[in-house]
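# A closer look at the structure
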Amino acid sequence: MPRHFLRDDDLTPAEQKQVLELGMAFREDRHIRQPLSGPRAVAFITDKPTLRTQLSFATGIAELGGFPMVVDGNLAQIGKRESIADTTRVISRQVSAIVWRTFGDERIAEMASVSDVPVVNALTDGFHPCQILADLLTIAQHRGGVAALPGQTLAYLGDAANNMANSYLLGGATAGLHVRVGGPQDYLPDAAIVARAREIAAGTGGSVVVTTDPVETVRGADVVATDTWVSMGDEAQAASRATPFLPFQLGTDLLAHAAADAIVLHCLPAYRGKEITAEVIDGPQSVVFDEAENRLHAQKALLAWLLDR
């Protein structure tokens with residue numbers, strides 16, 4: 001059976017470290033391995049708007065020697081025009097892997113259950129695991145390598161109930177980070193995700209804190225991350241979210257409570273003046289464009305690792 005990557009804890013701590021080390025190697029030499037030479041095709045299917053995800057996967061698949069077969073999910077209508085299972089059986093006979101950016105986690109879980117090739121979650125409503133691999137790679141880049149990840153403190157501010165918060169909890173705990181997630185009372189992570197993250201952290205030396213205090217979230221943190229307050233599909237809630245989220249805006253005053261050399265992450269697109277100020281995202285502590293580039297290296301490493309299995 002193929003290995004899939006649907007959520008962050010699909011990799012053990014040792015496996016995650018292997019992927020990240022390979023990602024660092026790809027950063028140094030983008031053409032060290034070409035497991036898709038032939039070229040072999042990889043299907044990239046997107047049901048949601050995309051720029052960085054499509055760009056990084058298409059470029060990465062090509063650099064691995066393969067052909068990125070980009071499928072418009074709005075045209076394919078997977079699960080509507082044809083069942084997810086039947087669609088997957090058609091696709092998986094023609095490609096070496098499937099990368100899907102979609103909505104409900106149950107959709108990609110159903111695809112993986114019948115696929116003969118690795119299935120990769122390029123973003124769902126519940127998780128964004130490829131982004132967290134890129135974020136961990138970025139921390140490693142600026143903090144002395146993959147071996148230096150355990151013990152780092154990562155603070156995430158804003159919508160603590162969204163897919164980024166879930167993935168920071170699981171992926172950060174897997175890497176041995178001390179993960180702090182802060183958001184308004186009505187926007188905190190699911191208890192089951194927190195429990196799973198704490199279970200992982202118990203074995204990696206990391207820790208998990210969930211709080212409604214923005215200052216306590218960032219105090220002394222080595223890495224401070226945020227994300228849009230309004231995820232795709234929640235646009236109608238934009239006005240109602242503005243007031244409760246305002247104390248969690250990542251500005252210079254709040255960042256001052258982090259470590260003096262803290263780095264700032266944002267998965268983009270960013271809305272300056274909302275979840276983050278222009279002074280911070282465009283300032284000297286921001287590494288968001290390294291982070292965006294690292295999507296390429298991390299995802300190439302992930303695909304190569306999965307294909308090896």
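Residues numbered from 1 in each chain as written. Predicted model: local features only at pLDDT ≥ 70, side-chain atom pairs only at ≥ 80, totals over all residues. Heavy atoms only, no water.

## A few points about the side chain of Asp159
Keep this limit in mind: Under the DSSP-based scheme used, a helix requires at least four consecutive residues in state H or I and a strand at least two consecutive residues in state E, with every element numbered from the N terminus. The definition of a polar contact used here is a pair of N or O atoms within 3.5 Å, where within protein one atom must be able to donate a hydrogen and the other to accept one, and adjacent residues in sequence count solely through side-chain atom pairs. Contacts were defined at the residue level, with two residues in contact if any of their heavy atoms lie within 4.5 Å.
For Asp159, the location among the structural elements is in the loop between β5 (153–157) and α7 (163–174). Side-chain polar atoms of Asp159 contact the backbone nitrogen of Ala161, separated by 3.1 Å. Side chain to side chain, Asp159 and Arg241 meet in a polar contact 2.9 Å long. The residues contacting Asp159, other than those within four sequence positions of it, are Ala165, Tyr187, Thr228, Trp229, Ser231, Arg241 and Phe245.

## Looking at the environment of Val280
Within the secondary structure layout, Val280 lies in helix α12 (residues 278–281). When the C-alpha atoms of Val280 and Leu250 are compared, they prove to be 7.3 Å apart, with 30 residues separating the residues in sequence. When sequence neighbours within four positions are dropped, the list of residues in contact with Val280 reads Leu250, Gly251, Thr252, Leu255, Val264 and Ser286.

## Section: the sheet that holds strand β7 (residues 207–211)
Under the convention used in this document: A pair of strands is treated as paired once DSSP finds two or more bridges between them. An axis is simply a line fitted to the C-alpha atoms; with a helix, the fit covers only the stretch in contact. Between two such axes, the angle follows the N-to-C directions and lies from 0 to 180 degrees.
The 5 strands lie next to each other as β7-β6-β5-β8-β9, forming an open sheet whose pairing is parallel. Two strands lie at the open edges of the sheet, namely β7 and β9 (263–266), each paired on one side alone. Taken over all neighbouring pairs, the strand axes of this sheet differ in orientation by 20° on average, direction set aside. Sheet analysis places β5 next to strand β6 (residues 178–182), joined by 5 bridges and oriented parallel. Its bridge partner being in β6, Thr153 is matched across the sheet by His178. Here α7 sits on the sheet in contact with β5, β6, β7, β8 (223–226) and β9, set at roughly 165° to β6.

## Some words on helix α8 (residues 191–204)
Operational definition: By this rule, a helix spans an expected 1.5 Å times one less than how many residues it contains. Think of it in three bands: with a 1.4 Å probe and only protein chains considered, a residue is buried below 20% of the maximum accessible area for its type, exposed above 50%, and partly exposed in between. Within this analysis, the arc is defined by the directions that extend from the helix axis to the C-beta atoms.
A rise of 1.5 Å per residue sets the reference length of α8, with its 14 residues, at 20 Å; its end C-alpha atoms lie 20 Å apart and thus fit the reference within 8%. All buried positions along α8 are accounted for by Ile193, Val194, Ala197, Ile200 and Ala201. Looking straight down α8, one finds that the buried residues subtend no more than 125° of arc, so they occupy a single side. Exposed positions of α8 whose direction lies more than 90 degrees from the buried face are Ala191, Ala192, Glu199, Ala202 and Gly203. The inward-facing, buried residues of α8 contact α7 and β7. Its side-chain oxygen 2.8 Å from the backbone nitrogen of Ala192, Asp190 forms the N-cap of α8.

## A word on the nonpolar core
For clarity, the cut-off: What is meant by a nonpolar core is a set of buried Ala, Val, Leu, Ile, Met, Phe, Trp, Tyr and Cys residues, joined one to another through side-chain atoms within 4.5 Å.
Phe57 and Ile139 are the most contacted members of the largest nonpolar core, which totals 59 residues. If one sorts the elements of this core by residue count, helix α6 (residues 129–142) sits on top with 8 residues. Grouped together as the second largest cluster of nonpolar side chains are 19 residues, Ala155, Val218, Val224 and Ala270 included.

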